[in-house]
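The chain contents come next:
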There are 2 protein chains.
Amino acid sequence: MLNTNAYKAIAHPIRRDILKRLRSGPKTAGELAKEYDISKPSLSSHFSILKDSDLVFTRRDGNHIYYNLNLTVANEVLSALMDLFGIEKET
Amino acid sequence: MLNTNAYKAIAHPIRRDILKRLRSGPKTAGELAKEYDISKPSLSSHFSILKDSDLVFTRRDGNHIYYNLNLTVANEVLSALMDLFGIEKET
DNA sequence: ATTCTAATTAGTTTTTTTTCTAAATAGAGT
DNA sequence: ACTCTATTTAGAAAAAAAACTAATTAGAAT
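In this report, the structure presented in the accompanying data block is examined.

Conventions we followed
Residues numbered from 1 in each chain as written. Chains lettered and ligands numbered in written order. Predicted model: local features only at pLDDT ≥ 70, side-chain atom pairs only at ≥ 80, totals over all residues. Heavy atoms only, no water. Pairing = 2+ DSSP bridges. Helix = DSSP H or I, 4+ residues; strand = E, 2+ residues; numbered from the N terminus. Contact = heavy atoms within 4.5 Å. Axes fitted to C-alpha atoms, helices over the stretch in contact; angles between N-to-C directions. Near = heavy atom within 4 Å. Polar contact = N/O pair within 3.5 Å; in protein donor to acceptor, adjacent residues only side chain to side chain. Nonpolar A, V, L, I, M, F, W, Y, C, P; charged D, E, K, R; others polar.

Regarding the sheet that holds strand S1 (residues 27-28) of chain B
Residue and element names in this part refer to chain B. Read across the sheet, 3 strands follow the order S1-S3-S2 without closing on themselves; strand pairing throughout is antiparallel. Two strands lie at the open edges of the sheet, namely S1 and strand S2 (56-61), each paired on one side alone. For S1 and strand S3 (residues 64-69), the ladder comprises 2 bridges, and the chain directions are antiparallel. The residue of S3 that forms the bridge with Thr28 is Tyr66. The strands touched by helix H2 (residues 13-22) are S1, S2 and S3; relative to S3, the strand with the most contacts, the crossing angle is about 90 degrees.

Digging into the protein's contact with DNA strand D
Around DNA strand D lies a shell of 24 residues, among which Ser39, Ser42 and His46 of chain A together with Gly30 and Tyr67 of chain B are the nearest. Protein-proximal atoms of DNA strand D, defined as those within 4 Å of the protein, fall in sugar or phosphate at a share of 71%. Between DNA strand D and Arg15 of chain A, the relevant distance is 3.3 Å, taken from a phosphate oxygen to a side-chain nitrogen or oxygen of the residue. Listed by contribution, the elements that provide at least two residues to the surface near DNA strand D are helix H4 (40-52) of chain A together with helix H3 (29-33), helix H4 (40-52) and S3 of chain B. Looking at the surface near DNA strand D, the element that brings in the most residues is H4 of chain B, giving 5 residues. Per-class residue counts for the surface near DNA strand D are 8 nonpolar, 11 polar and 5 charged.

That's the geometry; what it means functionally is another story.
Right, here's the structure in full:
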């Protein structure tokens, strides 16, 4: 069953943008921070919300923490929405 | 292009529940109101957010206003999320 | 052990969302 | 025209989310 925090996670434009950037592979908080005109703590809070949703997970490599998109959960979000809307996956 | 209000629309559990109930056909505000322990104005505000997202549209029939699920927009939400996550629709 | 870099936590303020009660509107039916 | 039912609008209060600065933690590297 889907963690409903996922709906909250995708509700904010910055978090959606982060997810989009993670499609192409893991990024550090610092790399992502460059893209947004927002304080680091605010961004950290967005990361935290993304982690709570399980849409992203982290891995530390030395000094850096890499954010990764969890595609399994991403697929679960899609499935849950298809169910919500009563839309069938074509066979 | 998707109305980003749709992300906001699905962020609240009551609004998701309303969408789910509309799968089976149009419902009046009154019918839906029975399902939730919340004041009518609060629910009306949820309806308004759903309408802003274009996920639902209304049709008046006499004294009743029927809420309908807009499946076209529902599909657009799914497409937008597939794009966001970089998930391909299988052919 | 100190220092450097990366990122988070603490605490607060601002903004947005959700909720409420009371009043108003829209249309149907008498 | 009045009245009844269904729903929304107005205005205010409460709750939740998002933002900031300052301080802290975690680990790497000297």
